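Topology and contacts: notes
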Amino acid sequence: MKTITLIKGDGIGPEITDAVIKIINSAGVAIDWDIQTAGADVIEKEGTPLPQRVLESVKRNKVALKSPVTTPIGKGFRSVNVQLRKELDLYANLRPCYNLPNVITRYDKVDLVVVRENTEDLYAGIERQIDDNTAESIKRITRGASERIAKFAFDYAVNNNRKEVCVVTKANICKLSDGLFLESARNIAQNYPQIKFREILVDNCCMQLVQNPNQFDVLLLPNLYGDIVSDLCAGLVGGLGVAQGANIGKDYAVFEPVHGSAPDIAGEDKANPTAMLMSAIEMLNYIGEKEAAKRIKLALFETLNAGIKTADLGGSAKCSEFTDAVISRLAILVK
Ligand code: NAI
């Protein structure tokens, strides 16, 4: 039996985690969950939101499923998410984004993938207070990390039958940092003549995404633009409640939804577990449980097609009702 780290998080984290585990169990996949808590709730007891035991668990099991963790705005502890990605060198943040059945959106046939560099840029945490009225943050970009993520994006394109990689920067303004990211992507692109290579500035990219998202295939971005643009892309296909994600490195992989801990609806049984479920489906594919992944996806799509949706998608189903609906469809598929 495969052991997988399960990071429960806070806010809506525990609700959507419980929902997804129930669904996976119903699909007949035997997984031994190594449950780890992180975030605001463990600070008081353990002095840190990301105790060493969590990192050790992921290192031991190589794969984790993670629900969102709150990061206090302003001063305080560094984000658990940023720290986890950095400590485990999960350099690629992969966020596939496509229309789901019966989820009404402005556009049909959106099918793009955001590949976001996950370890540096303004997220490197090199910030300082110069005086009471001045603070600065260093945007660190290295050739090594940029070439590595560009290679990941092109390999992903080749392996997933994608036609184009579009690198997104603001290299006209951040000439050295974004310039280096762009130059690295150009260098790597030369090794993939079968994949079309395109360059776009991030502001124009946002406008183009809102007007005509179907023109994009694989988007390659530095960390900050990737974070922002992937939420925009989530909005194109139904919002954060359906947006899946994965953090992948050479040795470890952590699957998690794009959204945060949604404190505004936490504990109300209102959260949409779809984003977490889609992330878990990708995790099952990653560990070779492809049949179960297919069954769960089918049950999820049948549930949506039957018009059972949570409030964020305009429906009236509670998180628990939606979960039960997926499980009842799964029961028919498993038989
Ligand atoms: P958020 O993603 O938690 O929420 C934004 C909006 O989307 C809210 O209105 C929320 O109710 C809604 N929403 C999000 N997920 C949903 C779901 N599954 N079903 C239904 N509605 C959903 O973003 P926000 O409010 O900016 O951040 C809250 C906290 O989460 C912050 O502390 C932030 O740092 C943290 N965060 C954590 C992430 C992670 O653990 N990977 C990622 C993003 C934010």
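Reading the values: the criteria
Residues numbered from 1 in each chain as written. Predicted model: local features only at pLDDT ≥ 70, side-chain atom pairs only at ≥ 80, totals over all residues. Heavy atoms only, no water. Domains from an automatic or database assignment. Contact = heavy atoms within 4.5 Å. Buried area = accessible area lost by both parts, 1.4 Å probe. Salt bridge = Lys/Arg side-chain N within 4 Å of Asp/Glu carboxyl O. Helix = DSSP H or I, 4+ residues; strand = E, 2+ residues; numbered from the N terminus. Buried < 20%, exposed > 50% of the residue type's maximum accessible area, 1.4 Å probe, protein only. Polar contact = N/O pair within 3.5 Å; in protein donor to acceptor, adjacent residues only side chain to side chain.

Once the domains are mapped, the chain shows domain 1 (1-94 + 242-335) and domain 2 (106-236). In this complex, domain 1 contributes 14 residues to the contact, which on the side of domain 2 involves 16 residues. Per-residue buried area on domain 1 facing domain 2 is highest for Tyr 91, Asn 93 and Leu 94; these three make up 47% of the total on that side. Run the count over domain 1 and domain 2 and you get one salt bridge. Between Arg 148 and Asp 89 there is a salt bridge, with its nearest N and O atoms 2.9 Å apart.

Our next topic: the environment of Val 20. When you line up the elements, Val 20 lands in helix H1 (residues 13-26). Residue classification places Val 20 among the buried positions, given a relative accessible area of 0%. Taking the C-alpha atoms as reference points, Val 20 and Val 334, separated by 314 residues in sequence, lie 17 Å from one another. Setting aside its immediate chain neighbours within four residues, Val 20 contacts Leu 65, Pro 273, Met 276, Leu 277 and Ala 280.

Among the structural elements, Thr 5 can be located in strand E1 (residues 2-7). For Thr 5, a relative accessible area of 0% puts it in the buried group. Reaching out from Thr 5, the side chain makes a polar contact with the side chain of Asn 61 at a distance of 2.9 Å. For Thr 5, the residues in contact, after removing those within four places along its chain, are Asp 34, Gln 36, Ser 57, Val 58, Asn 61, Val 63, Ala 64 and Leu 65.

Even without being a glycine, Asn 161 presents a positive backbone phi close to 60°. At Asp 269, a position not held by glycine, the phi torsion is positive, near 60°. Positionally, Asp 269 belongs in the loop between strand E12 (253-255) and helix H9 (274-286).

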